[in-house]
Amino acid sequence: MRGTTMASENAVLSEDEDDIETCLTGREGVNDGFEYIVGASKALREVLDLVRTVAPTESTALIEGETGTGKELIARAIHEHSTRRDRSFVKLNCAAIPLGLLESELFGHERGAFTGAVARKVGRFEAANQGTLFLDEIGDIPPELQPKLLRVLQDGEFERLGSTQTQRANVRLVAATNKDLAKLVAQNQFRSDLYYRLNIFPILVPPLRDRRRDIPSLVRHFVGIYAERMNKQIERIPTDVMEALVDHSWPGNIRELQNFIERSVILADGNTLRPPLEEFREAAGIESLEPVTMEEAERVHIRKTLEQANWVIAGPRGAAVRLGMKRSTVYFRMRKLGIFRG
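Residues numbered from 1 in each chain as written. Predicted model: local features only at pLDDT ≥ 70, side-chain atom pairs only at ≥ 80, totals over all residues. Heavy atoms only, no water.

This brings us to the overall build of the chain. Along its length, the chain carries 15 helices and 11 strands. Taken across its 342 residues, the chain has 49% of its residues classed as buried. By sequence separation, contacts in the chain at least 24 residues apart represent 73% of the contacts at least 6 residues apart. Summing over all exposed atoms, the chain offers an accessible surface of approximately 17000 Å²; the carbon and sulfur share of this is 49%. (Helix = DSSP H or I, 4+ residues; strand = E, 2+ residues; numbered from the N terminus. Buried < 20%, exposed > 50% of the residue type's maximum accessible area, 1.4 Å probe, protein only. Contact = heavy atoms within 4.5 Å. Areas by Shrake-Rupley, 256 points an atom, 1.4 Å probe, with all protein chains shown as cover.)

This is the structure we're talking about:
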């Protein structure tokens, strides 16, 4: 089923249970109307609420977030909940196309327009007519192409390379970027008028380190997928393993987590997941040099205090007294920050 495939490649967010030593029991957190998106966290619900709001309109949506957070999946969700859902969903990664070919990819070209143009080529705008065009990494559009992109967004008009005949396309644009476009505008690297045209309805997909409680369900989801593909029976994820996965900062976000779980399933021998956690220790030395958020600093401090108190929270020697918090506040902060007892 298409939804299953999409979730396997781009799962976004999820909610976990208190007991993170678990058996794999199937899919969790299925969202009404977004069955291919795994998860039920508050962060995901907020993103999907924005999708539901903007999808029925014809407005341009700008999806922002770090690499690997699942921006393409959100773009596809907008298309599938729009009035254009039965039309084409065409995508283009602007950072993956050489500068000299990007204009041709966007607008097409005529035969003989340049060396190697042996036949007419239809561009992505033309191919997406009456449908949705998803431009990923739009912050990498070179300055010389930005006026042409602005024109087609405003007027629906463009010319193929090597042609003077104006073409028209009725396209709903969804763009994504991992860059700060406002900063690029201030640095004169991105046109302000194009930025304002793109930034009609921004949607921010938060990084995985800001939603650590989503990690357990994502882990179970990916383990189930790759175990099935490799004909393996992985039925258990130990608590210490899940805690290590939750503790990791995942700079590559969900894509990094997915790839790590695939590698872990390949290495698995038996019915228990035993991933190569030594990789995290190697990365920790590098990550320790990086600045951390206040939330991350609080998480490290509370966890260290809990360990010093042998995970005893109440009482005169408990973590609550050491932290200067009420016991209920400690429990609340542990759940909010994704701190689990081993």
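We are not done yet, so read on.
A separate point is helix α3 (residues 71-80). The α-helix advances 3.6 residues per turn, and as a result positions three or four apart in sequence lie on the same side. Burial of α3 is extensive: nine of the 10 residues sit out of reach of the surface. Where α3 is concerned, the buried positions are Lys-71, Leu-73, Ile-74, Ala-75, Arg-76, Ala-77, Ile-78, His-79 and Glu-80.

Looking now at the packing of helix α9 (residues 215-229) against helix α10 (residues 239-247). Between α9 and α10, whose axes approach to 9 Å, the crossing angle comes to 115°. Two packed elements cross with a definite hand, and for α9 against α10 that hand is right-handed. Here Ile-215, Pro-216, Val-219 and Arg-220 of α9 lie close against α10, whose contacting residues are Met-242, Leu-245 and Val-246. (Axes fitted to C-alpha atoms, helices over the stretch in contact; angles between N-to-C directions. Left-handed = near helix turned anticlockwise from the far one by under 90°.)

Okay, the nonpolar core next. Ranked by size, the top nonpolar core spans 30 residues in total, and within it Leu-106, Phe-125, Leu-135, Ile-138 and Leu-149 carry the most contacts. Those elements that place two or more of their residues in this core are β5 (89-93), α4 (99-107), β6 (132-136), α6 (146-155), β9 (172-177), α7 (181-186) and α8 (192-198). The element contributing the most residues to this core is α6, with four residues. Leave out the neighbours within four places in its chain, and Ile-138 touches Leu-62, Cys-94, Leu-149, Ala-175, Ala-176, Thr-177, Leu-181, Phe-190 and Leu-198. (Core = buried A, V, L, I, M, F, W, Y, C linked by side-chain atoms within 4.5 Å.)

Here the focus is the sheet that holds strand β10 (residues 201-204). Strands sit in the order β5-β6-β9-β4-β10 across an open sheet of five strands; the sheet is parallel. Among the strands making up the open sheet, the edge pair consists of β5 and β10. Averaged over all pairs of adjacent strands, the angle between their axes in this sheet comes to 20°, without regard to strand direction. One ladder, built from five bridges, connects β5 with β6; its direction is parallel. Counted as the bridge partner of Phe-89 is Thr-132 from β6. (Pairing = 2+ DSSP bridges.)

All right, on to the environment of Asn-199 then. Looking at the element boundaries, Asn-199 is found in the loop between α8 and β10. Residue class for Asn-199 comes out partly exposed when judged on its relative accessible area of 23%. Sequence-wise, Asn-199 and Ala-61 are 138 residues apart; in three dimensions their C-alpha atoms are separated by 6.9 Å.

Attention now goes to the confidence of the model for the chain. Chain-level statistics for the chain give a pLDDT mean of 84 and a share of 87% at 70 or above. Under a pLDDT of 50 for its full length, residues 1-23 has, in the predicted model, 87 contacts with residues more than four places off or in other chains. (pLDDT = per-residue confidence, 0-100.)

Turning next to unusual backbone geometry. The phi torsion of most residues other than glycine is negative, and most of the peptide bonds are trans. One non-glycine residue, Gln-130, lies in the positive phi region at around 75°. We classify Gln-130 as partly exposed; its relative accessible area is 32%. We note that Glu-137 has phi near 55°; this positive angle belongs to a residue other than glycine. With respect to the element layout, Glu-137 can be found in the loop between β6 and α6. Judged by its relative accessible area of 10%, Glu-137 is buried.

One can describe the packing of helix α2 (residues 42-54) onto α3 by two numbers: an axis separation of 8 Å at closest approach and a directional angle of 35°. Considering how the two elements wind past one another, α2 and α3 form a crossing that is right-handed. Facing Val-47, Val-51 and Val-54 of α2, the residues of α3 in contact are Ile-74, Ala-77 and Ile-78. Residue composition of the contact of α2 with α3, by class: six nonpolar, no polar and no charged. (Nonpolar A, V, L, I, M, F, W, Y, C, P; charged D, E, K, R; others polar.)

What follows covers the packing of aromatic side chains. Going through the model one piece at a time under the given rule, you end up with five aromatic pairs. Here the aromatic rings of Phe-107 and Phe-125 are separated by 5.7 Å at their centres, their planes lie at 10°, and the arrangement is stacked. Placement of the pair is Phe-107 in helix α4 and Phe-125 in helix α5 (residues 124-127), with a sequence separation of 18 residues. Residues Phe-107 and Phe-125 agree in their burial class; the two are buried. For the ring pair Tyr-195 and Tyr-196, a centre distance of 5.5 Å and an interplane angle of 55° mean the geometry is tilted. An aromatic cluster is built from Phe-107, Phe-125 and Phe-158, whose rings are joined through pairwise contacts. (Phe/Tyr/Trp six-rings, centres within 6.5 Å; stacked < 30°, edge-to-face > 60°.)

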